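Listed below are the residues making up each chain.
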Amino acid sequence: MEVVGHQKILKFLQRGAINNQLAHSYLFYGPKHIGKNKVAEDFISNLFCPNKKKNSFFSCGTCSSCQQLIKKIHPDFIYLGNSFSSIELTPQGKIGVEQARQIKEFLYSSPFSAPYKVVIIEDTDNLTLPAANALLKLLEEPPLKSIIILISRSFTYLPATLRSRCQILRFSFPLKEEIINFLKQEYSLKEEKAKEILSLALGRPGLAIQFAQDFKKMEQERALLNDFISLLSENDSESKFRLVNLILNAKKSPQQALDNLARLLRDVILVKLNLCPADQSIATQLKSLAQKYTQKDLQNLVNQIFKTQLLLAANVNQKLAIENLIINQ
Ligand SMILES: [Zn+2]
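These numbers were taken from a predicted model, which means no experiment stands behind them. (Residues numbered from 1 in each chain as written. Predicted model: local features only at pLDDT ≥ 70, side-chain atom pairs only at ≥ 80, totals over all residues.)

Enquirer: It is not clear to me how unusual backbone geometry should be interpreted in this structure. Could you clarify?
Expert: Peptide bonds are, in most cases, trans, and in most cases residues other than glycine have a negative phi. Here K72, not a glycine, exhibits a phi torsion of approximately 55°, which is positive. Here K72 is to be found in the loop between α3 (64-70) and β2 (77-80). If you check the backbone angles, L202 has positive phi at about 55° while not being a glycine. For L202, the location among the structural elements is in the loop between α8 (191-200) and α9 (205-213). (Helix = DSSP H or I, 4+ residues; strand = E, 2+ residues; numbered from the N terminus.)

Enquirer: Help me understand the nonpolar core in this model?
Expert: The nonpolar side chains of a soluble globular protein tend to be buried with one another. Membership of the largest hydrophobic core comes to 40 residues, with the highest contact counts inside it found for F28, I149 and L150. Considering each element in turn, this core owes the most residues, six residues, to helix α2 (residues 36-48). Those residues in contact with L150, other than ones at most four positions away along the chain, are S25, Y26, L27, I121, T124, L158 and C166. Ranked by size, the runner-up nonpolar core spans 22 residues in total, among them L225, L231, V268 and L289. (Core = buried A, V, L, I, M, F, W, Y, C linked by C-beta atoms within 7 Å. Buried ≥ 20, exposed ≤ 12 C-beta atoms within 10 Å, placed from the backbone. Contact = placed C-beta atoms within 7 Å.)

Enquirer: For this particular structure, what's the right way to read the environment of S233?
Expert: Turning to its location among the elements, S233 is positioned in helix α10 (residues 215-234). C-alpha of S233 to C-alpha of S253: the two residues are 20 residues apart in sequence and 23 Å apart in space. Not counting residues up to four positions away in its chain, the partners in contact with S233 are S288, L289 and K292.

Enquirer: What is the right way to read helix α12 (residues 254-272) from this model?
Expert: An α-helix turns once per 3.6 residues; consequently, residues spaced three or four apart project the same way. Across its 19 residues, α12 extends 27 Å between first and last C-alpha, which sits within 8% of the 27 Å expected from 1.5 Å per residue. Residues of α12 that are buried include every one of P254, A257, L258, L261, L264, L265, D267 and V268, and no others. Looking at the packing, one finds that the buried side of α12 touches α10, α11 (237-248), α13 (283-292), α14 (295-313) and α15 (318-326). (Expected span 1.5 Å × (residues − 1).)

Enquirer: Which parts of the structure should I look at to understand the sheet that holds strand β3 (residues 117-121)?
Expert: Adjacent strands of a sheet pair through backbone hydrogen bonds, lying either parallel or antiparallel. The sheet built from five strands is open, its strands ordered β2-β3-β4-β1-β5 with parallel pairing. Sheet topology places β2 and β5 (167-170) at the edges, where each strand pairs with a single neighbour. Here the average twist between neighbouring strands, direction ignored, is 15°. With five bridges connecting them, strand β1 (residues 25-29) and strand β4 (residues 146-152) associate as parallel partners. When the bridges of β4 are listed, F28 appears paired with I151. Each of β1, β2, β3 and β4 touches α2; the most contacted strand, β4, lies at about 165° to it. (Pairing = 2+ DSSP bridges. Axes fitted to C-alpha atoms, helices over the stretch in contact; angles between N-to-C directions.)

Structure below.
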């Protein structure tokens with residue numbers, strides 16, 4: 001599957017590879033689900049593939065290097081992600097000092113068959129501070145032929161010292177038309193359906209692809225948003241309790257449910273400012289919510305959600321944190 005958007009970034013990386021000017025470490029940052037991971041993986045498979053044509057930079061997809069990368073079993077590549085990790089994470093699913101030591105050991109050994117040894121860290125939220133410090137030492141004296149790609153939702157999640165060692169690439173939303181055309185071609189969807197999917201996915205190709213592959217997931221997302229809208233409209237103590245339970249028992253994780261709540265509130269703020277919401281298919285409901293809350297309240301709630309998510313990532317008691325967010329604010 002081709003990368004949707006981000007052609008400039010891919011070209012930049014390709015030029016670096018062709019001119020032998022790749023950095024030892026990259027920070028890819030930008031909103032969730034817009035293709036940072038996909039670019040990282042495509043870049044590495046292009047870099048590793050021995051079958052690419054001269055002056056071209058597209059992997060063949062079929063050779064053993066390409067296949068090993070797709071299965072994430074390439075001996076010169078390790079991946080540390082939320083749903084898959086090449087090395088065992090801490091019991092809390094974090095990257096700690098021990099994992100940082102293994103990364104270092106891996107990068108200091110010579111490549112087995114590829115031109116580089118590569119590590120992708122899918123989510124820098126998972127780096128503990130001691131591990132970030134250990135990585136900093138590694139980046140200060142990076143082994144030859146080694147590349148680390150750090151992927152993050154936000155520029156500021158990573159300590160400034162570590163950031164300063166990375167080539168920084170900012171990812172922004174691809175053009176809507178680009179994603180709609182992609183969805184139509186790849187999944188044989190009609191224009192209307194592709195637009196509906198993109199609207200619910202808030203313009204994020206990664207999420208739009210998930211919905212296009214699984215309409216049931218899309219219906220669940222829509223149902224959760226509708227529940228949020230009706231509970232936020234009621235806004236009494238009874239509905240607040242129901243909101244807490246909805247988040248705690250969401251089919252997705254509470255973290256993801258909070259993502260959905262925050263996106264809804266951001267859209268309400270946009271409507272309040274007379275701007276166009278990301279999800280236009282619920283414009284009427286957003287307008288009615290905008291009349292019920294002040295902008296200050298909405299902004300405050302979005303900020304509190306963000307803080308609660310950081311607490312949840314640090315393994316505090318979920319129920320307490322969410323009750324505190326919804327009921328005690
Ligand atoms: Zn190949």
